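Structure at a glance
Take a look at the letters that make up each chain.
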Amino acid sequence: MTDIGQMLQQMQNKFMAEQEKLNQKEINGSAGGGLVEVTITGKNVVKRVKIDPSLVVADETAVLEDLLTAAFNDALRKTEAEMAKGVAEMLPPGMKLPF
């Protein structure tokens, strides 16, 4: 295998290892100053949802729905950031990917 081929294989192996590491992580997202919290895995599987009891009001479900949406999106953004960080650490110095 050529030097470039070996380097690409090593990068692929590192990427797969980093992906597996991220898949094992649990990432928390929150909204409303922590009134709603969600925990997802690196595979974007929801593990937990925590809702402050003060939000459970029969006539105000729209607020709760908005906060749940915001908390899930926060957790997903954090997952993407973890992945980007892991990929960046695998690249040779000065090399950047377009995402």
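Heads up: these notes are all about the structure in this document. (Residues numbered from 1 in each chain as written. Predicted model: local features only at pLDDT ≥ 70, side-chain atom pairs only at ≥ 80, totals over all residues. Heavy atoms only, no water.)

Topic: the overall build of the chain
Across its full length, the chain holds 2 helices and 3 strands. Starting at the N terminus and ending at the C terminus, the chain contains elements arranged as α-β-β-β-α. The dimensions of the chain, computed from C-alpha atoms along their principal axes, are 65 × 25 × 15 Å. Counting all 99 residues of the chain, 25% fall into the buried class. (Helix = DSSP H or I, 4+ residues; strand = E, 2+ residues; numbered from the N terminus. Buried < 20%, exposed > 50% of the residue type's maximum accessible area, 1.4 Å probe, protein only.)

Regarding the pattern of salt bridges
Inspection of every chain in the model, using the stated rule, returns 4 salt bridges. Note that Glu26 and Arg48 form a salt bridge whose closest N and O atoms lie 2.8 Å from each other. On the criterion of sequence distance, the pair formed by Glu26 in strand β1 (residues 26-31) and Arg48 in strand β3 (residues 46-51) is long-range, its members being 22 residues apart. Look at Glu26 and you get partly exposed, because its relative accessible area is 41%. Residue class for Arg48 comes out partly exposed when judged on its relative accessible area of 45%. (Salt bridge = Lys/Arg side-chain N within 4 Å of Asp/Glu carboxyl O.)

Remarks on unusual backbone geometry
Even without glycine at this site, Asn44 takes up a positive phi of about 65°. Turning to its location among the elements, Asn44 is positioned in the loop between β2 (36-41) and β3.

Regarding a nonpolar patch on the surface
Taken together, Val46, Val49, Ile51 and Val56 make up a surface patch of nonpolar side chains, about 320 Å² in accessible area. Within the secondary structure, Val49 sits in strand β3. With relative accessibility at 43%, the residue Val49 sits in the partly exposed group. (Patch = residues over 30% accessible without salt bridge, like charges linked within 9 Å, V, L, I, M, F, W, Y side chains within 5 Å. Areas by Shrake-Rupley, 256 points an atom, 1.4 Å probe, with all protein chains shown as cover.)

Considerations on the pairing of β2
Extensive coverage of β2 is indicated by the burial of 5 of its 6 residues. Relative to β2, β1 is paired through 6 bridges, and the arrangement is antiparallel. Bridge pairing links Ala31 to Val36 in β2. Two successive antiparallel strands, β1 and β2, enclose a turn made up of 4 residues, where Gly32 displays a positive phi of approximately 65°. Where β2 meets β3, 5 bridges bridge the pair, whose relative direction is antiparallel. Note that in β3 the partner of Thr39 across the bridge is Arg48. Taking the residues between adjacent antiparallel strands as the criterion, β2 and β3 are bridged by 4 residues, where Asn44 takes a positive phi near 65°. (Pairing = 2+ DSSP bridges.)

Considering the side chain of Glu18
The residue Glu18 is located in helix α1 (residues 3-24) in this model. Relative accessible area serves as the criterion here: at 15%, Glu18 is assigned to the buried category. Setting aside residues no more than four positions away along its own chain, Glu18 makes contact with Gly86 and Met90. (Contact = heavy atoms within 4.5 Å.)

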